[in-house]
Amino acid sequence: MTTQVQATVKYLQEQGFGRPALAIILGSGLGGLADQLTGAAHAPYEQIPGFAPSTVAGHAGRLVFGYIESLPVVAMQGRFHYYEGHSQQQIAFAVRTMHALGASKLIVTNAAGGLNPGFSVGDLMLIRDHINYTGGNPLLGLNDDSLGPRFPDLSHAYDQKMRSQANDVASRLGIPLQQGVYLAVSGPSYETPAEIKTFARLGADAVGMSTVPEVIAAVHCGMQVLGISCITNMAAGLGAEKLAHDEVIEVTVRVRDQFQNLVMELIKSEEW
């Protein structure tokens, strides 16, 4: 794994990628933030060793390196999903690559269904904790001790200081910001109403089909993580609308400016 990551880093450096301080994973409909980077270098996923093409609408499928003011950033403009047939190890490979490039912090974003009755469509939710309901784990198999420990501690997977900073920025900008527990399923089918009732009893506030494998990999290699969900619909049985991916994209487009303002101001205010 280490050899593969080093080969990918070498390729990206040859494409003009520098040493980032921050990595960002941009979920469905949220990739526009990567277009705000200045002095950008781009690499399509299908051309990066160890990466795979992105097949989901709303995901541009490229890695971008550039700057937000003077801060060097690497951003995944779209992600890989377990339901696309990628192993969780391959999903983790992208995170490990960004860490090996130099990123010590990760902001991970997603579109999610709301379970908490206090949430509304279009809300942004800071992820306080997660439940892994995917049936897998990116750390299965032999452990490479040079990447991280055999048994990483996930007690504080989502960094408290980064969450506190995000809350302060949101308050200053007048952006309502929820907090909650994100539950990840494998997908690609949406959940049944019975499953949603079960997840709510387990303590989940939002449900989606990504993020958790990436966060596990990030914590494994020592990165600090901030997670943000965009609540794009109320989950099955909680709303009258039929669930569809088009609706997800529509809502993320609607809240795009608010989301980008929050992340951009957070980056400008944080010491990286």
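I will try to describe carefully the structure that is included in this document. (Residues numbered from 1 in each chain as written. Predicted model: local features only at pLDDT ≥ 70, side-chain atom pairs only at ≥ 80, totals over all residues. Heavy atoms only, no water.)

### Considering the pairing of strand β1 (residues 22–26)
We count it as follows: Using a 1.4 Å probe on the protein chains alone, a residue whose accessible area is under 20% of its type maximum counts as buried, one over 50% counts as exposed, and one in between counts as partly exposed. A helix here means a DSSP run of H or I that spans at least four residues, while a strand means a run of E at least two residues long, and both kinds are numbered starting from the N terminus. Strands are treated as partners if at least two bridges between them are detected by DSSP.
For β1, the tally of buried residues reaches five of five residues, placing the bulk of the element in the interior. Residues Leu22, Ile24 and Leu26 line one face of β1 and the alternating positions Ala23 and Ile25 line the opposite face, and both faces are buried. Here five bridges tie β1 to strand β4 (residues 71–77), and the two strands are oriented parallel to one another. If you follow Leu22 over to β4, its bridge partner there is Val73. Bridging between β1 and strand β5 (residues 105–114) involves four bridges; their strand directions are parallel. When the sheet's bridge partners are listed, Ile25 is paired in β5 with Val108.

### Some thoughts on the environment of Ile228
Stated precisely, the cut-off is as follows: Contact definition: two residues touch when any of their heavy atoms are within 4.5 Å.
Structurally, Ile228 is set in strand β9 (residues 224–234). Note on Ile228: relative accessible area 2%, which makes it buried. Sequence separation between Ile228 and Gly180 is 48 residues, and the spatial gap between their C-alpha atoms is 9.9 Å. Those residues in contact with Ile228, other than ones at most four positions away along the chain, are Ile107, Val108, Thr109, Asn110, Leu124, Met125, Leu126, Ile127, Leu262 and Val263.

### Some remarks on the nonpolar core
Just so we agree on the cut-off: Residues belong to a common nonpolar core when they are buried Ala, Val, Leu, Ile, Met, Phe, Trp, Tyr or Cys residues joined through side-chain atoms within 4.5 Å.
Core analysis: the largest hydrophobic core is formed by 49 residues, its most contacted members being Phe17, Leu63 and Leu106. Among the elements that make up this core, the one with the highest residue count is helix α2 (residues 88–101) (seven residues). Counting residues in hydrophobic clusters, the runner-up holds 33 residues, among them Leu37, Leu124, Ala170 and Ile175.

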